Amino acid sequence: MAEMQLREALRRAMTEEMRRDERVFLMGEEVAYYDGAYKVSQGMLAEFGDRRIIDTPIAENGFCGIGIGAAMAGLRPIIELMTWNFSLVAFDQIINSAAKVYNMTAGEFTCPIVFRGANGAAENLASQHSQALESLYAHFPGLKVISTSTPSDAYGLLKSAIRDPDPVIFMESELAYGLKGEVPDEEFLIPIGKGEIKRDGTDVTLVTWNKQVATCHAAADALAKEGISARVLDLRTIRPLDEELLFRCALETHRVVVVQEGFTFAGVGAEIAARVQEACFDALDAPVLRVTNRDVNQPYATNLEKLVMPSAQRVVEAARAVCGR
């Protein structure tokens with residue numbers, strides 16, 4: 001086992017896959033000569049050269065479209081977006097081309113491409129640069145959506161994403177790039193569509209993903225002091241959803257709280273709540289509750305950001321409510 005930062009785990013995954021398969025290349029803003037906006041691609045230009053580590057203009061619609069065309073032609077592009085907020089400029093390319101080309105060509109063309117970058121809020125970036133967009137991309141058939149929380153998961157899931165025959169939306173977190181964790185020395189892949197119980201508990205399941213996993217761990221620590229045993233379920237993949245594990249947790253703890261960065265209305269949390277209540281209604285001792293961003297655009301001020309985002313205290317209050325405390 002080796003301790004490494006999440007950015008290092010992502011770099012290791014990309015480097016290993018580029019060594020394994022010459023069709024894999026990385027393209028995006030500042031990925032080459034600047035070593036990446038968040039230093040995820042640091043040193044990769046020196047090893048692979050500027051034909052496989054490619055700097056682009058600030059033109060997401062253009063370089064996402066080039067990547068999709070390259071994937072259709074048989075290559076395996078990794079497209080780095082400096083932030084998923086900027087992906088909205090390329091929304092037509094991702095949704096109307098990458099997600100649909102397999103079906104629209106009756107399987108004649110595939111699109112094995114990974115779009116990856118920082119998702120959600122960092123600090124003091126205001127509303128245009130702080131959006132969590134899992135629900136937007138998970139809405140469309142043809143896309144697989146991954147949202148990671150640990151270095152080990154980032155490594156194993158990114159390798160799987162690069163090898164996958166379909167377009168994959170791979171969401172990271174700017175605040176988590178420096179997060180350290182143990183990653184096995186040997187190569188491994190994590191199957192897309194498999195969640196993981198990060199902490200076991202018997203009274204309530206906290207369902208979450210990405211950096212809200214840390215929020216749920218903090219809430220579980222606080223709840224334990226009150227005699228409430230909270231399980232933390234990291235979905236890891238939003239689409240396809242690990243329904244088997246999700247439903248098992250609901251059946252075993254009888255109470256579910258979904259913790260989602262992003263807005264309540266039409267969010268991933270709403271989908272999870274609906275599926276759990278449809279499949280596990282008789283086993284639930286309380287309605288599924290959601291802890292999400294407040295329904296306002298993200299403010300710039302630090303104190304207001306904290307009020308808008310999910311917090312451990314808000315998760316504790318939701319868990320108390322479903323446990324009848």
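Residues numbered from 1 in each chain as written. Predicted model: local features only at pLDDT ≥ 70, side-chain atom pairs only at ≥ 80, totals over all residues. Heavy atoms only, no water.

### What about the packing of aromatic side chains?
Right, so step 1: Applying the stated criterion across every chain yields a total of five aromatic pairs.
Right, so step 2: With centroids separated by 5.1 Å and ring planes inclined at 25°, the aromatic side chains of Y38 and Y177 adopt a geometry described as stacked. Within this pair, whereas Y38 is found in the loop between β2 (24-28) and α2 (44-48), its partner Y177 is found in the loop between β7 (168-172) and β8 (180-183), the two being separated by 139 residues in sequence. Residue Y38 shares its accessibility class with Y177, and that shared class is buried.
Right, so step 3: Measuring from ring centre to ring centre gives 5.6 Å for F91 and Y137, while their planes differ by 65°; the resulting arrangement is edge-to-face. Note that F91 is positioned in helix α4 (residues 91-98) and Y137 in helix α6 (residues 134-138), a separation of 46 residues in sequence.
Right, so step 4: Of the residues examined, F91 reaches a relative accessible area of 23% and is grouped as partly exposed.
Right, so step 5: The ring of Y155 is capped by R12, whose NZ or CZ atom sits 4.2 Å from the centre of that ring.
Right, so step 6: Geometry around Y34 places K39 over its ring, the cationic atom sitting 3.6 Å from the centre. (Phe/Tyr/Trp six-rings, centres within 6.5 Å; stacked < 30°, edge-to-face > 60°. Helix = DSSP H or I, 4+ residues; strand = E, 2+ residues; numbered from the N terminus. Buried < 20%, exposed > 50% of the residue type's maximum accessible area, 1.4 Å probe, protein only. Lys NZ or Arg CZ within 6 Å of the ring centre and 35° of its normal.)

### Details of the pairing of strand β14 (residues 289-293)
Right, so step 1: Sheet analysis places strand β13 (residues 256-263) next to β14, joined by four bridges and oriented parallel. In the sheet register, V257 faces β14, and the bridge partner there is L289.
Right, so step 2: Crossover connection from β13 via helix α10 (residues 268-280) to parallel β14: handedness right-handed. (Pairing = 2+ DSSP bridges. Right-handed = clockwise from strand over helix to strand, strands pointing away.)

### Some remarks on the nonpolar core
Right, so step 1: In this structure, F115, Y137, I169, I272 and V276 are the most contacted members of the largest nonpolar core, which totals 47 residues.
Right, so step 2: Taken domain by domain, the makeup of this core includes at least three residues from each of domain 1 (2-183) and domain 2 (196-320).
Right, so step 3: Look past the residues within four positions of F115 in its chain and what remains in contact with it is C64, I68, I79, L81, W84, I94, A98, V168, I169 and F170.
Right, so step 4: Core analysis: the second largest hydrophobic core is formed by 35 residues, L6, A13, I162 and A176 among them. (Core = buried A, V, L, I, M, F, W, Y, C linked by side-chain atoms within 4.5 Å. Domains from an automatic or database assignment. Contact = heavy atoms within 4.5 Å.)

### Regarding empty space enclosed by the protein
Right, so step 1: Summed over all chains, the structure comprises one cavity of 30 Å³ or more.
Right, so step 2: Quantified by volume, the largest cavity comes out at close to 50 Å³.
Right, so step 3: Lining the largest cavity, in full, are N119, G120, A132, E134, W209, N210, K211, Q212 and E261.
Right, so step 4: Partitioned by chemical class, the residues of the lining of the largest cavity number two nonpolar, four polar and three charged.
Right, so step 5: The residue makeup of the lining of the largest cavity includes at least three contributed by each of domain 1 (2-183) and domain 2 (196-320). (1 Å grid on protein atoms, 1.4 Å probe; cavity = no way out; pocket = protein on both sides within 12 Å on 5 of 7 lines; lining within 4 Å. Points joined across faces, edges and corners; volume = space filled by probe spheres on them. Nonpolar A, V, L, I, M, F, W, Y, C, P; charged D, E, K, R; others polar.)

### With respect to unusual backbone geometry
Right, so step 1: For the peptide bond that leads from R239 to P240, omega is 5°, which places it in the cis range.
Right, so step 2: Along the chain, P240 turns up in the loop between β12 (237-239) and α9 (243-253).
Right, so step 3: Non-glycine residue D35 carries a positive phi angle of around 70°.
Right, so step 4: Residue position: D35 is located in the loop between β2 and α2.
Right, so step 5: Phi at N210 is positive, roughly 55°, even though this residue is not glycine.
Right, so step 6: With respect to the helices and strands, N210 occurs in the loop between β10 (204-208) and α8 (212-224).

### A closer look at the sheet that holds strand β4 (residues 76-81)
Right, so step 1: Strands sit in the order β3-β2-β4-β5-β7-β6-β12 across an open sheet of seven strands; the sheet is mixed. Either end of the sheet is taken by a strand with one partner, and the two such strands are β3 (53-55) and β12. Here the average twist between neighbouring strands, direction ignored, is 20°.
Right, so step 2: Where β4 meets strand β5 (residues 114-118), four bridges bridge the pair, whose relative direction is parallel. By the bridge assignment, L81 is partnered in β5 with G117.
Right, so step 3: The strands that helix α1 (residues 6-20) touches are β2, β3, β4, β5 and β7; relative to β2, the one it contacts most, it runs at about 135°. (Axes fitted to C-alpha atoms, helices over the stretch in contact; angles between N-to-C directions.)

### Details of the sheet that holds strand β11 (residues 230-234)
Right, so step 1: Pairing is mixed across the open sheet formed by five strands, whose spatial order is β9-β11-β10-β13-β14. Both edges of this open sheet fall to β9 (196-199) and β14, since each of them pairs with a single strand only. The sheet shows a mean angle of 25° between the axes of neighbouring strands, direction not considered.
Right, so step 2: Where β10 and β11 come together, five bridges link them in parallel fashion. Bridging across to β11, L206 finds its partner in V232.
Right, so step 3: With respect to the sheet, α8 is in contact with β9, β10, β11 and β13, its orientation differing from that of β11 by roughly 170°.

### Notes on the domain arrangement of the protein
Right, so step 1: In terms of domain boundaries, the protein breaks down into domain 1 (2-183) and domain 2 (196-320).
Right, so step 2: The interface formed by domain 1 and domain 2 holds two salt bridges in total.
Right, so step 3: Here K198 and D153 are joined by a salt bridge, their closest N and O atoms 2.7 Å apart.
Right, so step 4: Between the two partners, domain 1 and domain 2, sit 16 residue pairs in polar contact (both at pLDDT 80 or more).
Right, so step 5: Elements represented by at least two residues in the side of domain 1 that touches domain 2 include exactly α6, β6 (144-147), α7 (151-163) and β7.
Right, so step 6: Examining the composition of the side of domain 1 that touches domain 2, we find that four residues originate from one element, β6, more than from any other.
Right, so step 7: In terms of residue class, the side of domain 1 that touches domain 2 is made up of 14 nonpolar, 12 polar and five charged. (Salt bridge = Lys/Arg side-chain N within 4 Å of Asp/Glu carboxyl O. Polar contact = N/O pair within 3.5 Å; in protein donor to acceptor, adjacent residues only side chain to side chain.)

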